[in-house]
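# Fold and geometry: a report
One letter stands for each residue in the lines below.
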Amino acid sequence: DYYMFIFVRNGSSTHWVDMTPYTLRPNTFYFSVPQQVQLKEKSNPLEGVILSFTDEFLNLDESRYLYSLPVITNPANGHEIALADADIAFIMDIMAKMQVEHNRQGHNWQNQMLLSYLRILLIHLSRLYTEQFLQHSQKEARKLLQRFKDHVNRRYTELHLVADYASLMHLSPGYLNEIVKKETGKTAINHIHDRILLEAKRSLFHTELSVKEIGWRLGFEDAAYFNRFFKRLCGQTPAAFRQSTREMYH
């Protein structure tokens with residue numbers, strides 16, 4: 001339930017974010033947003049800095065500007081940012097200042113100082129994020145896409161149709177689908193189904209809930225329909241997916 005930013009200076013390690021494995025590399029920045037499941041597969045010595053903060057801390061920024069930054073909204077579902085030498089020096093300096101301020105005891109305006117440093121860090125990382133993930137996207141189309149994805153993330157258990165989300169955004173289903181497909185290469189219904197499928201995989205992989213209960217929590221009143229939906233998108237039944245992924249991981 002918190003944001004986690006990791007600057008890896010030296011060393012390497014392997015971990016999973018949801019169902020995607022990553023091998024940490026030196027002089028690289030990694031980040032995750034709330035509600036992403038992380039597991040360490042290999043834990044090797046690392047040198048670097050870990051910064052974590054909650055929505056409550058971001059809410060200290062009354063303008064809510066920080067919530068609009070790409071590294072926070074994460075529209076491309078990224079996790080890794082490559083750094084040039086100048087970026088490394090800049091990030092090390094800012095994070096060192098944050099660590100000094102965090103270790104101060106009893107100083108006035110400590111949270112505001114930390115928030116100011118965080119603001120600078122997030123803006124710098126968002127520039128890099130935009131260059132590496134969003135360089136070819138148009139600004140307005142990105143905003144619309146992000147609104148759509150925000151709606152999907154909040155309502156995917158109850159709304160399964162493009163028309164439902166188009167209605168929420170006061171758009172026609174055709175126009176919404178056109179923008180989403182242009183920006184991502186996937187149709188709007190693909191995004192909706194992918195979000196449902198991701199949560200289904202998370203539950204199958206990380207919990208002991210029955211397939212029927214998982215389907216019900218995702219808005220499928222008919223367990224058989226949930227099984228058909230999952231198999232059509234994943235190529236195997238939910239039960240087979242649970243067994244195969246756990247065998248692969250362990």
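Further up the page is the structure itself.
Residues numbered from 1 in each chain as written. Predicted model: local features only at pLDDT ≥ 70, side-chain atom pairs only at ≥ 80, totals over all residues. Heavy atoms only, no water.

### A look at unusual backbone geometry
You will see that asparagine 27, though not glycine, has its phi angle at about 55°, which is positive. Looking at the element boundaries, asparagine 27 is found in the loop between β3 (20–23) and β4 (28–32). Of the residues examined, asparagine 27 reaches a relative accessible area of 28% and is grouped as partly exposed. Non-glycine residue histidine 170 carries a positive phi angle of around 60°. Mapped onto the elements, histidine 170 comes out in the loop between α6 (162–168) and α7 (173–184). (Helix = DSSP H or I, 4+ residues; strand = E, 2+ residues; numbered from the N terminus. Buried < 20%, exposed > 50% of the residue type's maximum accessible area, 1.4 Å probe, protein only.)

### Considerations on helix α10 (residues 223–234)
The end-to-end C-alpha separation of α10 is 16 Å, in line with the 16 Å expected for twelve residues at 1.5 Å each. Here α10 has its buried residues at Phe226, Phe229 and Phe230. One face of α10 carries all of its buried residues, which in axial projection span an arc of 95°. The N-cap of α10, judged by a side-chain oxygen 2.9 Å from the amide nitrogen of alanine 224 a few residues on, is aspartate 222. Within two residues after α10, glycine 235 carries a phi angle of roughly 85°, on the positive side. (Expected span 1.5 Å × (residues − 1). Arc of directions from axis to C-beta. Polar contact = N/O pair within 3.5 Å; in protein donor to acceptor, adjacent residues only side chain to side chain.)

### Description of the sheet that holds β4
Spatially, the four strands line up as an open sheet ordered β6-β1-β4-β7, and their pairing is antiparallel. Whereas interior strands pair on both sides, the edge strands pair on one side only; in this sheet they are β6 (46–53) and β7 (80–82). For this sheet, the mean angle separating the axes of adjacent strands, direction not counted, is 20°. As paired elements, strand β1 (residues 3–11) and β6 share eight bridges and run antiparallel to each other. When the bridges of β6 are listed, valine 8 appears paired with glycine 48. Set on the sheet, helix α3 (residues 85–103) makes contact with β1, β4 and β6; between it and β1 the angle comes to about 120°. The strands touched by helix α4 (residues 110–133) are β1, β4, β6 and β7; relative to β7, the strand with the most contacts, the crossing angle is about 85°. (Pairing = 2+ DSSP bridges. Axes fitted to C-alpha atoms, helices over the stretch in contact; angles between N-to-C directions. Contact = heavy atoms within 4.5 Å.)

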